[in-house]
Amino acid sequence: MLSIVRSAHRARVPSSPADPDKPLVPRHLYFIAAALAALFNGWTFVDVLGMGVPGLLIGALYALPVIESWYRPMAAWWIMLGLLLLATVLNVDDWGPWLLNELFMRAPVMFTVALASLRRVTVVVFLITLAAGVLSEAWVRSGNPYVVQAMVSWGLSLLVVTIIGHNLRMRRLSTLRVAEEHGKRRLLEERARIARELHDLVAHHMSVIAVQAATAPYRLKDEVSGAVLREFRDINAAASASLAEMRQLLDALRGDRDDPLTASRSTLEGLAELAESARRAGTPVMLELPARTPEFGAATSLTVYRIVQEALSNVIKHANGAETLVTIALDSGKLVVEVVNEAGAKSVSGAGGHGLVGMRERVTMLGGELFAGALADGRYAVRAVLPQEEK
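In this text, all values refer to a predicted model and were calculated from it rather than measured experimentally.

## Digging into the environment of His166
Tracing the chain through its elements places His166 in helix α8 (residues 147-219). Residues His166 and Arg119, spaced 47 residues apart in sequence, show a C-alpha to C-alpha distance of 7.3 Å. The residues touching His166, leaving out its near neighbours within four places in the chain, are Ala114, Leu115 and Arg119.

What follows is the structure, given as structure tokens:
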């Protein structure tokens, strides 16, 4: 119970599911609602109830919980409840809490509590608010012949805004769950695609080992002992068994296959062709390679190729025409891949599709680091640092 109370008091206006840095309900709307509450309550206390200047001060006080509700909904609710108790004890409003001006204060607070809090907290808060209003009427004894209709209208109005706030909260949570599931699915799909590529690479090398081990007894028949020949046969058997097991384990991943022509070009030497295709698409690309192109393992070469491919694709899609520099360099024994484009419509890293997810997965798998975002001078960059695993 205490944990629920503490979480309720820590509740704030939640962020938008589309932008975590943006609140779901803008703050300026609460200032507008607070101004309306102050004006309408001030006019009611001064003109309708004839309270004079003190009525203006009380009207301004009624705006306080509306503003506070954006920052701390539960604290605002306590202030609202305190104002109701104070007005009842001092008999500020001998008509009870049922006048329309009261809703200008209570509706935004109840809406925000429902928006920011758990359902059980919202239910308890609503029932306490309703009970406080009934007890206030019992204390004041306004004698209004329409008190029952006023109580029902007041209660239904608060119920409607509370339900609206709760439904908006649930829609936001549902949207976040869908986005999370979509992100997990994209991640799994990208991992599956990478696994298929790695399977092809490993299977190739294993096949070579198996073939070499199988043919060695015939090629070296007169040069090695029988024990060595048996070792070759054991190596061949182990390689063949490993290939069969790997194919069985990854059989579920062998659905959509990449274009074999693209796979054959997925090497450092294929970067020039990537740059040329980007130029044909209208994006001026410069390619800088080291004077001596190092020979890396197939997995590293494929990762470099895919990073450059995805980065250039995002430049063409989101900043077509921006000058782009692709740099492959060696730095302290590590391979540095960098794609930097001048500021365009969006950043290279701003494309939220498979590209950035795939880059991170590939780089992380090789034990490297990836940066994707805006630079201080307004350009955008994708920079990967990969450990040097030469052949």
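## Focus: the pattern of salt bridges
Note that side chains of opposite charge can pair when their charged atoms are close. Evaluation of the coordinates by the stated rule reveals four salt bridges. Where Glu276 meets Arg279, a salt bridge forms, and the shortest distance between an N and an O atom there is 3.0 Å. Of this pair, Glu276 and Arg279 are both found in helix α11 (residues 271-280), three residues apart, which corresponds to roughly one turn of the helix. Take Glu276: its relative accessible area is 35%, and that puts it in the partly exposed class. Note on Arg279: relative accessible area 37%, which makes it partly exposed. Taking the shortest distance from any N to any O, the salt bridge between Arg383 and Glu338 comes out at 3.5 Å. You can see Arg383 sitting in strand β5 (residues 380-387) and its partner Glu338 sitting in strand β3 (residues 334-341), a full 45 residues away along the chain. Taking relative accessible area as the criterion, Arg383 reaches 32% and is therefore assigned partly exposed. Overall, Glu338 belongs to the partly exposed group, its relative accessible area being 26%.

## Quick notes on the packing of helix α5 (residues 73-89) against helix α7 (residues 119-140)
Between α5 and α7, whose axes approach to 9 Å, the crossing angle comes to 10°. Accordingly, the angle class assigned to the pair α5 and α7 is roughly parallel. Together, Met74, Trp77, Met80, Leu81, Leu84, Thr88 and Val89 of α5 and Val121, Val125, Ile128, Thr129, Ala132, Gly133, Ser136, Trp139 and Val140 of α7 make up the contact between the two elements. Split by residue class, the contact of α5 with α7 holds 12 nonpolar, four polar and no charged.

## Things to note about the packing of helix α6 (residues 100-116) against α7
Two elements in contact, α6 and α7, have axes whose closest approach is 9 Å; the angle formed by their N-to-C orientations is 160°. By the criterion of interaxial angle, the relationship of α6 to α7 is roughly antiparallel. Of α7, the residues touching α6 (which contributes Met110, Val113 and Ala114) are Thr122, Val125, Phe126 and Thr129. Looking at the contact of α6 with α7 residue by residue, the classes come out as five nonpolar, two polar and no charged.

## Comments concerning the pairing of strand β4 (residues 369-374)
Along a regular strand, successive side chains alternate from one face of the sheet to the other. In terms of strand pairing, β4 meets β5 through six bridges, oriented antiparallel. Bridging across to β5, Leu370 finds its partner in Ala384. Here β4 folds back onto β5, and the loop between the two strands holds five residues, one of which, Gly378, carries a positive phi near 95°.

## Focus on α5
Here α5 spans 24 Å end to end across 17 residues, near enough to the 24 Å set by a 1.5 Å rise per residue. All buried positions along α5 are accounted for by Pro73, Met74, Ala76, Trp77, Met80, Leu81, Leu83, Leu84, Ala87 and Thr88.

## Some remarks on the packing of aromatic side chains
With the rule as written, the count across this model stands at four aromatic pairs. A centroid spacing of 4.7 Å and a plane angle of 45° characterise the contact between Phe40 and Phe104, whose relative ring orientation is tilted. Of the two residues, Phe40 is situated in helix α2 (residues 27-48) and Phe104 in helix α6; the sequence distance between them amounts to 64 residues. Ring centres 4.9 Å apart and planes at 65° place the aromatic pair Trp77 and Trp78 in the edge-to-face group. Under the relative-accessibility criterion, Trp77 is labelled buried at 2%. It is Arg27 that lies over the ring of Trp70; its NZ or CZ is 5.2 Å from the centre.

## What about the sheet that holds β4?
Judged by pairing direction, the sheet is mixed, and its five strands sit side by side in the order β1-β2-β3-β5-β4 without closing on themselves. Two strands bound the open sheet, and with one partner strand each, they are β1 (285-288) and β4. Within this sheet the neighbouring strands show an average axis-to-axis angle of 10°, counted without direction. By the bridge criterion, eight bridges tie strand β2 (residues 324-331) to β3 in an arrangement that is antiparallel. Bridge pairing in β3 places Val326 opposite Val339. Of the strands in this sheet, β1 and β2 are in contact with α11, which crosses β1 at around 165°. Running over the sheet, helix α12 (residues 298-318) touches β1, β2, β3 and β5 and is turned about 10° from β3.

## Side note on the nonpolar core
Counting 36 residues, the largest nonpolar core has Tyr62, Met74, Trp77, Met110 and Val125 as the members making the most contacts within it. Looking at this core, the elements that each hand over two or more residues are α2, α3 (53-62), α4 (64-71), α5, α6, α7 and α8.

## Comments concerning the confidence of the model for the chain
In the predicted model, the chain carries a mean pLDDT of 78, and 75% of its residues have values of at least 70. Mean pLDDT across the elements of the chain bottoms out in helix α10 (residues 260-264) (43) and peaks in α4 (93). Per-residue pLDDT stays below 50 along residues 256-266; that stretch engages in 16 contacts with residues further than four places along the chain or on separate chains. Of the regions scoring below 50 in pLDDT, residues 345-352 engages in 20 contacts with residues more than four places distant in sequence or in other chains.

Conventions used here
- Residues numbered from 1 in each chain as written.
- Predicted model: local features only at pLDDT ≥ 70, side-chain atom pairs only at ≥ 80, totals over all residues.
- Heavy atoms only, no water.
- Helix = DSSP H or I, 4+ residues; strand = E, 2+ residues; numbered from the N terminus.
- Contact = heavy atoms within 4.5 Å.
- Salt bridge = Lys/Arg side-chain N within 4 Å of Asp/Glu carboxyl O.
- Buried < 20%, exposed > 50% of the residue type's maximum accessible area, 1.4 Å probe, protein only.
- Axes fitted to C-alpha atoms, helices over the stretch in contact; angles between N-to-C directions.
- Parallel < 35°, antiparallel > 145°, perpendicular 65-115°, else oblique.
- Nonpolar A, V, L, I, M, F, W, Y, C, P; charged D, E, K, R; others polar.
- Pairing = 2+ DSSP bridges.
- Expected span 1.5 Å × (residues − 1).
- Phe/Tyr/Trp six-rings, centres within 6.5 Å; stacked < 30°, edge-to-face > 60°.
- Lys NZ or Arg CZ within 6 Å of the ring centre and 35° of its normal.
- Core = buried A, V, L, I, M, F, W, Y, C linked by side-chain atoms within 4.5 Å.
- pLDDT = per-residue confidence, 0-100.

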